[in-house]
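Breakdown of the fold
For reference, the chains in residue letters:
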Amino acid sequence: MPDKSAFSVIPLVAVLLPWFSLVVITASPKKARGLRLWLCALGALATFGVVLSLLPGILDGNTYTIKLASVVEGLEMRLTVDTLGYYFSLILAFLWLLATVYSISYIDHKENRFFVFMALCESFLIGCAFSANMFTYFIFYELMTFGSYPLIIHEETAMARRAGYKYLVYAISAGTVLFFAIVAHYFWGDGQLGFGSYGVLSLEFAGRAALMTVFFTYLAGFGVKAAIMPLHGWVPDAHPAAPSPASALLSGVILKAGAFGIIRVCFNVFGVELMRDLKVHVVMAVLACITIVVASVFALTQDNLKRRLAYSSIGQVSYIILGLSMLSHDGALGGVMHLTHHALMKGCLFLCAGVILVKTGKKNISDMKGIGYKLPITMICFSVCALAMMGTPPSVGFITKWLLGSGSLEAGLPVYVIVLLVSALLNAAYFLPIIYTAFFRWEGDEAEEGEEHHRPKLAFGKEADHEMVVPIVILAALVVIVGIWVTVPGFPYSFVSKVVGIIFP
Amino acid sequence: MGAYRHFPILMITVPLVCAVLLPFLGYLRERWVPRAALVPLSVSTLLGLLLVGKIPAQGYLSYHLGGWEPPFGIEIRVDYIGLFLLLVVCGISLLAMVFSPRYIGKEVSGGRLTAYYVLFLLMSGAMLGFVATGDVFNLFVFMEILALTSYALVAITGNRNAVRAAFKYLLMGAPSSIMVLLAIGLLYSATGSLNMADLSARIAESGYTEVLVVSFILFVIGFGVKAALFPLHMWLPDAHSIAPSPISAMLSGLLVEVSAFALLRLTFSVFTAGNDAIIGGTSEAVSVFAAAAVLYGGIMAIMQKDLKVMIAYSTISHIGYIFLGITSFTKEGLAGAMYHMLDHGLAKACLFLCAGCIIYVKGYRRIEDLKGAWRQMPWTCFAFSVAAISVIGIPPTAGFISKFYLIYGNFTAERWPYALVLLVGAILAAVYCLRVIYYMFFQPDKRGAWEEGGGDAPASMLAPVCLLAAGTLFFGVFSGLIIDSLLKAAAFLL
């Protein structure tokens, strides 16, 4: 790949643009609620537009860079847009836009605080995606941790507070571990914290034990956000407590920030060769397999819909980790592509759960009989995404599963295929009952044979506001479209194949 | 050599001389005193800023008082690290002084008003002298001015608790001063000199002697009390929490730090760091106590109900940070310790001044009472949060940079347990700081104690608070230049 690195202010603009919402909210009059919130959505749209404007250059293999501040040699705050970072920023800006539009209709109290912190989180996450080194990444990552706290406790119920507290305890401990990892990285990495195409650490500068310490502290630090078991404790509490658009972002993007950190560590800090040398990928693989299976089993037992989805997210994010740990071309491709795939699917599912909650007030799956007739569009989209989660073609979920399966065979470890199949089975076991309850059960369906069945009518066009339905439909459509036209430029494959192609030629 | 040769001595003497003149003004026009007291500190700050970049190539600027050559004459010596700390002292004193008039006007009754400003100026001048002096005896003189003025300032409100706290401070402070004096006496008897540079040469010549070891230990204990190094910290929680808030800010943000700096100076410029036989054992012990301080201060801070006492215990913890950096004897650790003096000074001063704002507006001291405070005092609460985040060491505040270097220094010295202690200290700090932030922003105000639009603190109090908070952010993002020169200066010391 030609190394075309150019100075550009666009990364900085993308990071700062969400702050526009902050200005709008503080400056606009209190009464003009609609105007104010739509302006925030416009801010999210503008951010997405700015990110999108880099697309042609990135596809050409350019990188854009801007230095913000420097501490000393090797420690600087720098934003660099490379293919991998751009890939993450694109999905996050897109999902953010949809969630912001959705929130306009969803959030009914303290919307100023919610929108401000939404926007701040987006800014920090774009900062994460564009970070040129671990130092910058850590700074934005920590900011994002604290920026997302008000989103989780937004409802201010006792449950939300407890969930927020748990989140902070986990996040701060993780931040400390991560901090340790970065100091150790700086120390044993010869004063370099940057990302290299093939990794920057090597056994020349430090011993095996030292490098393994660095790797595992990174894994533990990022693993809390990426919800690798046993570090997942905050996830099942935070998701049901947060408002649905926030849960969608939490699952779709914020968990991914942890996974993205691990991707950076594997690809750009350690490099595949060194990982293979140190055999650290084995530990990653075992943890990921355990997480995938155990989380799915936990998901089976949950009656609260958002809690079930949260456990599902825990399992699904570990697909990424599993794909990385295979150290094979297809495995890495599938794992990294799953970052976007899962964001689309789970984002849609959580937004659907939000519609159900707002329109019917129901949280538990057992109460959702016949809900598919009341909310047909929502539940059809829900079903599409649920089927995709199981890996049914044509959908993004199928692409992930296919690539991961092929990757595990490439790595000569068919055992992973079994894990994937078990996971698909369990996914079916916890998603199909929801679809079944929604469409094939209804109030009074337990009538005796011969009695009249009062099957409700499908209530098209009467469900939720357009602000809520349109994002859901877009996401569900993308789940299918991206799953069919995989190689279209701008879709995940176009970026990830480039990144992975360099690492596994 | 231009006129700036005289700047260091002017920086010290202008506040001291003005302090002596201030009572006359107070006698004539008392209400002019607060504004007049700003002038000398502004002058010092300006002179300090003009000195930046003027330190000669040899690494320090030496000024001989009255033209008498050292080792016999009095020497003022400003090196990179010294100038850095002088600027910190000037800046924070100036902001605390700007903060003072409204607050003190409320807490201190008429007759003592002038006294407050006189003592404040004396304290600032003494601190500057303490940092810049080039000989050990003046170190003692300035330390005594500093100590006496701080006893008086803790007690300035005159109520029972304040007097008791000041007395407790005095009971610990006076013996410590005597120890320092004794240490200086021993040093003089062993070497026959008081000038630091000269002492260093003579000690290098004579090598290890028992007298030197005893002298060093006495220095450590003496300044350890002033710097509130665990277990010599007992006076601090009372004195720092009961003193008027600007004074708390001065004590917590500057006084303990310059005392730690004095020890740093003595260790590196007099007893020379390489001289393991003399300082080796003691510095090991100091490391252990510093680690204990980090944990003890953090745990005690978590247990407090009173906001100012909590901040005071946090100071004890952070003094431990500084000493862990110094005792790592690496350039990264030293640079981290020096940078921590800056960011801890800014952050702690900010926290105490915020507590002062809250006391001024509402009279609340308990953390419990802060529930929902941000609706009435948004600026104060935001500034408090920024400073608290710097205390925890979360990026992009200055606390993060210094913590990075402190831990990195301990890594380089292969002192793993201490690196771990620093991390645990950060978690403890997160617990006690985030609790307050949580109360301020996320807890419902059930009693209705805070009213929206009820008025934040007045602008003259908010301005310094917000500047300090902005400072922690500024020095977090743009730390490059300072860290660079601190690393160079630290390498020079080693």
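Here is what the cut-offs are and how they apply
- Within each chain, residues carry numbers counting from 1 in the order of the written sequence.
- As they are written, the chains are lettered A onward and the ligands numbered 1 onward, keeping that order.
- In view of the model being predicted, local features appear only for residues whose pLDDT reaches at least 70, and side-chain atom pairs are presented and counted only at 80 or more, with totals across whole chains, interfaces and linings using the full set of residues.
- Numbering of helices and strands runs from the N terminus; a helix is a DSSP stretch of H or I covering at least four residues, while a strand is a stretch of E covering at least two.
- Here the radius of gyration uses the C-alpha set of atoms, whereas the globule reference equals 2.2 Å times the residue count to the power 0.38.
- As a rule, residues whose C-beta atom has 12 or fewer other C-beta atoms within 10 Å are exposed, those with 20 or more are buried, and those in between are partly exposed; C-beta atoms are placed from the backbone.
- Two residues qualify as being in contact provided that their C-beta atoms, derived from the backbone, are within 7 Å of each other.
- By convention in this section, buried Ala, Val, Leu, Ile, Met, Phe, Trp, Tyr and Cys residues joined through C-beta atoms within 7 Å make up a nonpolar core.
- Classification used: nonpolar for Ala, Val, Leu, Ile, Met, Phe, Trp, Tyr, Cys and Pro, charged for Asp, Glu, Lys and Arg, polar for all others including Gly.
- Comment: axis = line fitted to C-alpha atoms, over the contacting stretch for helices; angle = value between 0 and 180 degrees taken between N-to-C directions.
- Between 65 and 115 degrees an angle is taken as roughly perpendicular, under 35 as roughly parallel, over 145 as roughly antiparallel, and anywhere else as oblique.
- Helix crossings are classified by the rotation of the near helix relative to the far one: an anticlockwise turn of less than a right angle makes the crossing left-handed, while a clockwise turn makes it right-handed.
- Multiply 1.5 Å by the residue count of a helix minus one, and that product is the helix's expected span.
- A residue's bend is the angle separating two fitted axes: one through the seven residues that end there, the other through the seven that start there.
- Strand pairing is defined by DSSP finding a minimum of two bridges between the two strands.

1. Looking at the overall build of chain A
The helix and strand inventory of chain A stands at 21 helices and three strands. For 505 residues, the compact-globule estimate of 2.2 N^0.38 gives 23 Å, and chain A sits close to it at 22 Å. Over its C-alpha atoms, taken along the principal directions, chain A stretches across nearly 80 × 60 × 45 Å. Sorting the 505 residues of chain A into buried and exposed places 59% on the buried side. Across chain A, every contact between residues at least 6 apart in sequence was considered, and the portion connecting residues at least 24 apart equals 78%.

2. What to know about the overall build of chain B
Regarding its fold elements, chain B presents 18 helices and two strands. In terms of overall dimensions, chain B is globule-like: its C-alpha atoms have a radius of gyration of 21 Å, near the 23 Å expected for 494 residues. Seen through its principal axes, chain B has C-alpha atoms that stretch 70 × 60 × 40 Å. Scored against the burial criterion, the 494 residues of chain B give a buried share of 60%.

3. Considering the nonpolar core
If you look at the biggest cluster of nonpolar residues, it comprises 403 residues, and the most contacted ones within it are Cys-348, Cys-385 and Val-479 of chain A together with Cys-350 of chain B. Broken down by element, this core gets its largest block of residues, 19 residues, from helix α13 (residues 331-361) of chain B. Excluding residues within four positions of it along the chain, Cys-350 of chain B makes contact with Ala-383, Ala-387, Val-465, Leu-468, Ala-469 and Thr-472 of chain B.

4. Overview of the interface of chain A and chain B
Every contact between the two is made by 17 residues of chain A and, on the other side, 22 residues of chain B. Take the side of chain A that touches chain B: its biggest share by element is nine residues, from helix α8 (residues 158-188) of chain A. The class makeup of the residues in the side of chain A that touches chain B is 13 nonpolar, three polar and one charged.

5. A word on the packing of helix α8 (residues 210-226) of chain B against helix α10 (residues 245-270) of chain B
Residue and element names in this part refer to chain B. Running from amino to carboxyl end, α8 crosses α10 at an angle of 160°, the nearest separation of the two axes being 8 Å. By the angle class used here, α8 and α10 are roughly antiparallel. Classified by chirality, the crossing of α10 by α8 is left-handed. Here Phe-219, Val-220, Phe-223 and Lys-226 of α8 come into contact with α10, specifically with Ser-259, Ala-262, Leu-263 and Leu-266. Along the lines of polarity and charge, the residues of the contact of α8 with α10 split into six nonpolar, one polar and one charged.

6. Description of the environment of Ser-93 of chain B
All names here are of chain B. Relative to the assigned elements, Ser-93 resides in helix α3 (residues 80-107). Among the residues examined, Ser-93 registers 27 C-beta atoms within 10 Å and is labelled buried. Here Ser-93 is in contact with Leu-41, Ser-124 and Met-250, once residues within four sequence places are set aside.

7. A few points about helix α11 (residues 244-270) of chain A
Residue and element names in this part refer to chain A. Under the 1.5 Å per step criterion, the end-to-end length of α11 is 37 Å for 27 residues, consistent within 8% with the ideal 39 Å. Maximal helix bending in α11 amounts to about 40°, located at Leu-250. Of all 27 residues that make up α11, 27 are buried, and the element is covered over most of its length. Positive backbone phi, approximately 85°, marks Gly-271, located one or two places after α11.

8. Considerations on unusual backbone geometry
Residue Pro-394 of chain A follows Pro-393 of chain A across a cis peptide bond; omega there is -5°. Along the polypeptide, Pro-394 of chain A turns up in the loop between α17 (376-390) and α18 (396-410). For the bond running from Phe-230 of chain B to Pro-231 of chain B, omega is 0°, close enough to zero to count as cis. On the secondary structure map, Pro-231 of chain B appears in the loop between α8 and α9 (235-242).

9. Brief notes about the environment of Phe-24 of chain B
Tracing the sequence through the fold places Phe-24 of chain B in helix α1 (residues 7-28). With 10 C-beta atoms packed within 10 Å, Phe-24 of chain B lands in the exposed category.

10. Structural notes on the environment of Pro-394 of chain A
All names here are of chain A. Residue class for Pro-394 comes out partly exposed when judged on the 16 C-beta atoms lying within 10 Å of it. In this structure the C-alpha to C-alpha distance between Pro-394 and Leu-305, which are 89 residues apart in sequence, comes to 25 Å. If we skip the residues at most four places from it in the chain, Pro-394 touches Val-480, Gly-483 and Ile-484.

11. A short note on helix α4 (residues 113-132) of chain B
In this model α4 of chain B runs 29 Å from its N-terminal to its C-terminal C-alpha over 20 residues, within 8% of the 28 Å that 1.5 Å per residue would give. When you tally the buried positions in α4 of chain B, you get 17 out of 20 residues, the bulk of the element.

12. As for the packing of helix α15 (residues 329-360) of chain A against helix α20 (residues 466-484) of chain A
A pair of packed helices is characterised by two quantities: the angle between their axes and the separation of those axes. Residues and elements named next belong to chain A. Between α15 and α20, the shortest axis-to-axis distance is 9 Å and the interhelical angle comes to 150°. Judged on the interaxial angle alone, α20 and α15 are roughly antiparallel. Judged by the twist between their axes, the crossing of α15 over α20 is left-handed. For the pair formed by α15 and α20, the contact residues are Leu-344, Met-345, Gly-347, Cys-348, Leu-351, Cys-352 and Val-355 on the first element and Met-468, Pro-471, Ile-472, Leu-475, Ala-476, Leu-478, Val-479 and Val-482 on the second. Its residues placed into classes, the contact of α15 with α20 shows 14 nonpolar, one polar and no charged.

13. Digging into the pairing of strand β2 (residues 75-79) of chain B
All names here are of chain B. For β2, the tally of buried residues reaches five of five residues, placing the bulk of the element in the interior. Here strand β1 (residues 60-64) runs beside β2; their pairing, made up of five bridges, is antiparallel. For Leu-61, the partnering residue across the bridge sits in β2 and is Val-78.

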